[in-house]
Amino acid sequence: MIDVIITGAGPTGLMLAAELRLHGVHVVVLEKAPQPTPVVRALGLHVRSIEIMAQRGLLERFLAHGKQYRVGGFFAGIEAPWPDRLDTAHGYVLGIPQTLTDRLLEEHATELGAEIRRGCALASLAQDADGVTAELSDGSRLRARYLVGCDGGRSTVRKLLGVGFPGEPSRNDTLIGEMEVGVPPETVAAVVAEVRTTQKRFGVGRVGDGPYRVVVPAAEVAEDRSEPPTLEEIKQQLRATAGTDFGVHSPRWLSRFGDATRQAERYRVGRVLLAGDAAHIHPPLGGQGLNLGVQDAFNLGWKLAAEVRGWAPPGLLDTYESERHPVAAAVLDTVRAMTLLVSTEPGPQAVRRLLTELMTFEEVNRHLVGKITALDVRYDVGEGHALLGRRLRDLQLKRGRLYDLTRTGRGLLLDQTGRLSVEGWADRVDHVVDVSEELDVPAVLLRPDGHIVWVGDDQADLLDRLPRWFGPAGPAQAQG
Ligand SMILES: Cc1cc2nc3c(=O)[nH]c(=O)nc-3n(C[C@H](O)[C@H](O)[C@H](O)COP(=O)(O)OP(=O)(O)OC[C@H]3O[C@@H](n4cnc5c(N)ncnc54)[C@H](O)[C@@H]3O)c2cc1C
């Protein structure tokens, strides 16, 4: 029997597959598309996702393909300087097209031994006490202990589970594509600047040295958004919105997207879980969907691995939903607020001016950037020190950087006292004795996702905390 079937080889499914493989879990990823899509949706990674890549030794690869920007303006496009004193060693936005992010994550997952089966669509599923039976669209069947739906906003898994997806429906569709233009760049820039004063869902701009990315409102909400628009439809909408079609030609790809905002009522039904867009969708303002999905996968991976490997303490897997559902709900709210702030109506414009003023206060700016970058995420891991539940930044230690020590995906005790021990959990938790000028507590215990679950210097207190996250002491028992 397979340990975990993942449906969907988007960024969420691929990140999850890699995280599971770090713990030796047998993973099969089912992807209905025979080839990776050429459609470029997300254009970058925010701080927390960049940190995640660093935690798994992937940052070099991403930096080699992306561009670093230290820019404000991610909160509803309000111009503001990049805040000082962000709690991170990776304080920038990494511009990288989603097609590359997907490719790098797929490489990482396959290097670790994940099996990705393209051209395989999940059609139905049934679960019982021991596992999940997945039926593919060709009628073949697979059996696994767990199945995770990372199959995007129109998730088959979510629908098969009958999990509600409440929220607001799409009211406005937008057409998007990459293509060439037939007019000089200055003409494009002048028209775009003029149109964007009243229409924010519009843009014609070059991505690096590549073709132009065209974004334009659609005439109506589509019945079936998987059907791409034609070039003629794009031209017609450009003329309707900007008075010119810029002579666009030679499209690389064309697509459309809606602005629905929805969240799954539950992230887990028995042995089946949901992550990424399958669990939450929202308009792309602020550029957070991919980031949120990667971060879901990072939270879920080690917990599901612990369950499969047999060392998960009771309730660990359920903390995936209790931790990640509120995070996505907060992002959805931020996006709702940003959607109003980009409206050109007088009321929202007045609120926007007010917020623009407020953002000149460093603390307000940092607070809002914390929402976009996910640096504000703090899980409820119990009362105590202010660091509890937060992820630890990439500290400079005597021997190097902290994140270079977290590539195995195990827990980590960072011990500045040299007097502590994780004996009994050594197969799940690494013990690093080192010091950092950036850490003013004696020791911290990190989960595999880098979140802090214990702070202190008392061995008895540590022994009390370890089982809560890493199960009982002694060699981990593999199930099955
Ligand atoms: C125009 C646009 C711009 C965006 N910009 C940003 C941005 O700047 N930053 C950001 O963070 N996010 C952005 N997003 C959002 C981002 O693209 C998504 O949030 C992200 O792709 C979600 O990843 P995922 O892996 O959860 O789902 P997906 O990427 O949708 O992947 C799901 C996969 O599941 C497969 N699948 C579906 N059904 C089945 C089935 N039955 N069986 C097998 N496989 C199946 C699909 O083929 C697909 O490959 C943008 C979105 C749009 C539309």
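This text goes with the structure placed above it.
Attention here is on the structure that accompanies the text. (Residues numbered from 1 in each chain as written. Predicted model: local features only at pLDDT ≥ 70, side-chain atom pairs only at ≥ 80, totals over all residues. Heavy atoms only, no water.)

It is worth spelling out the sheet that holds strand β5 (residues 93-95) at this point. Judged by pairing direction, the sheet is antiparallel, and its three strands sit side by side in the order β3-β5-β4 without closing on themselves. Because the sheet does not close on itself, it has two edges, and the strands there are β3 (44-45) and β4 (67-69). One ladder, built from three bridges, connects β4 with β5; its direction is antiparallel. Paired with Tyr 69 across the strands is Val 93, a residue of β5. (Pairing = 2+ DSSP bridges. Helix = DSSP H or I, 4+ residues; strand = E, 2+ residues; numbered from the N terminus.)

Of all residues adjacent to the ligand, which total 28 residues, the nearest are Glu 31, Arg 41, Gln 98, Asp 277 and Leu 290. One nitrogen or oxygen atom from the main chain of Leu 290 is found 2.8 Å from an oxygen atom belonging to the ligand. A total of 1,000 Å² of accessible area belongs to the ligand in isolation, and the protein chains cover 87% of it. For the shell around the ligand, the elements supplying multiple residues, two or more each, are α1 (11-21), β2 (27-31) and α8 (289-309). (Near = heavy atom within 4 Å. Polar contact = N/O pair within 3.5 Å; in protein donor to acceptor, adjacent residues only side chain to side chain. Areas by Shrake-Rupley, 256 points an atom, 1.4 Å probe, with all protein chains shown as cover.)

Attention shifts here to the side chain of Ser 170. Inspection of the secondary structure puts Ser 170 in the loop between β10 (167-168) and β11 (174-180). Residue classification places Ser 170 among the buried residues on the basis of a relative accessible area of 16%. In this structure the side chain of Ser 170 is engaged in a polar contact, spanning 2.9 Å, whose partner is the backbone nitrogen of Asp 259. Residue contacts for Ser 170: discarding those within four places in its chain leaves Val 221, Arg 225, Gly 258, Asp 259 and Ala 260. (Buried < 20%, exposed > 50% of the residue type's maximum accessible area, 1.4 Å probe, protein only. Contact = heavy atoms within 4.5 Å.)

We now examine the packing of aromatic side chains. Evaluated as defined, the whole model comprises three aromatic pairs. Ring geometry for Trp 302 versus Phe 470: centroids 6.3 Å apart, planes at 35°, classification tilted. Placement of the pair is Trp 302 in helix α8 and Phe 470 in helix α12 (residues 459-470), with a sequence separation of 168 residues. Summarising the burial analysis for this pair, Trp 302 and Phe 470 share the class buried. Measuring from ring centre to ring centre gives 6.1 Å for Trp 311 and Phe 470, while their planes differ by 25°; the resulting arrangement is stacked. One end of the pair, Trp 311, is in the loop between α8 and α9 (318-341); the other, Phe 470, is in helix α12, and 159 residues separate them in sequence. (Phe/Tyr/Trp six-rings, centres within 6.5 Å; stacked < 30°, edge-to-face > 60°.)

Turning our attention to the sheet that holds strand β23 (residues 443-446). Working definition: the strands of a sheet are paired by backbone hydrogen bonds and lie parallel or antiparallel to each other. The strand order β22-β21-β23-β24 describes an open sheet built from four strands, whose pairing is mixed. Whereas interior strands pair on both sides, the edge strands pair on one side only; in this sheet they are β22 (429-433) and β24 (452-455). Here the average twist between neighbouring strands, direction ignored, is 15°. Lying over the sheet, α12 contacts β21 (411-415), β22, β23 and β24, oriented at roughly 170° with respect to β24. (Axes fitted to C-alpha atoms, helices over the stretch in contact; angles between N-to-C directions.)

Right, let's get into the state of the cysteines. This model, assessed by the stated rule, comprises zero disulfides. Cysteine Cys 120 remains unbridged, with the sulfur of Cys 150 as its closest cysteine sulfur at 16 Å. Of the residues examined, Cys 120 reaches a relative accessible area of 16% and is grouped as buried. Look at Cys 150 and you get buried, because its relative accessible area is 8%. (Disulfide = S-S within 2.5 Å.)

With that out of the way, let us pick up helix α11 (residues 362-373). Compared with an ideal rise of 1.5 Å per residue, which puts twelve residues at 16 Å, α11 spans 16 Å between its outermost C-alpha atoms and is within 8% of the ideal. Buried residues of α11: Asn 365, Arg 366, Leu 368, Val 369, Gly 370, Ile 372 and Thr 373, and no others. Of the surrounding secondary structure, the elements contacted by the buried residues of α11 are α2 (47-55), α9 and α10 (346-358). (Expected span 1.5 Å × (residues − 1).)

The pairing of strand β7 (residues 122-127) with strand β8 (residues 132-136) spans five bridges and is antiparallel. Paired with Ser 124 across the two strands is Glu 135, which belongs to β8. Taking the residues that link successive antiparallel strands as the turn, the β7-β8 hairpin has four residues.

Quick look at the pairing of β23 now. Regular strands have side chains that alternate between both faces of the sheet. Here β23 shows two buried faces, one formed by Ala 443 and Leu 445 and the other by Val 444 and Leu 446. Pairing between β21 and β23: four bridges, direction antiparallel. Each bridged residue has a counterpart across the sheet, and for Leu 413 the counterpart in β23 is Leu 445. Summarising the sheet, β23 and β24 pair through three bridges and their orientation is antiparallel. Opposite Val 444, over in β24, you have Val 455 as the bridge partner. Between β23 and β24, which pair antiparallel in sequence order, lie five residues; one of them, Gly 450, sits at a positive phi of approximately 85°.

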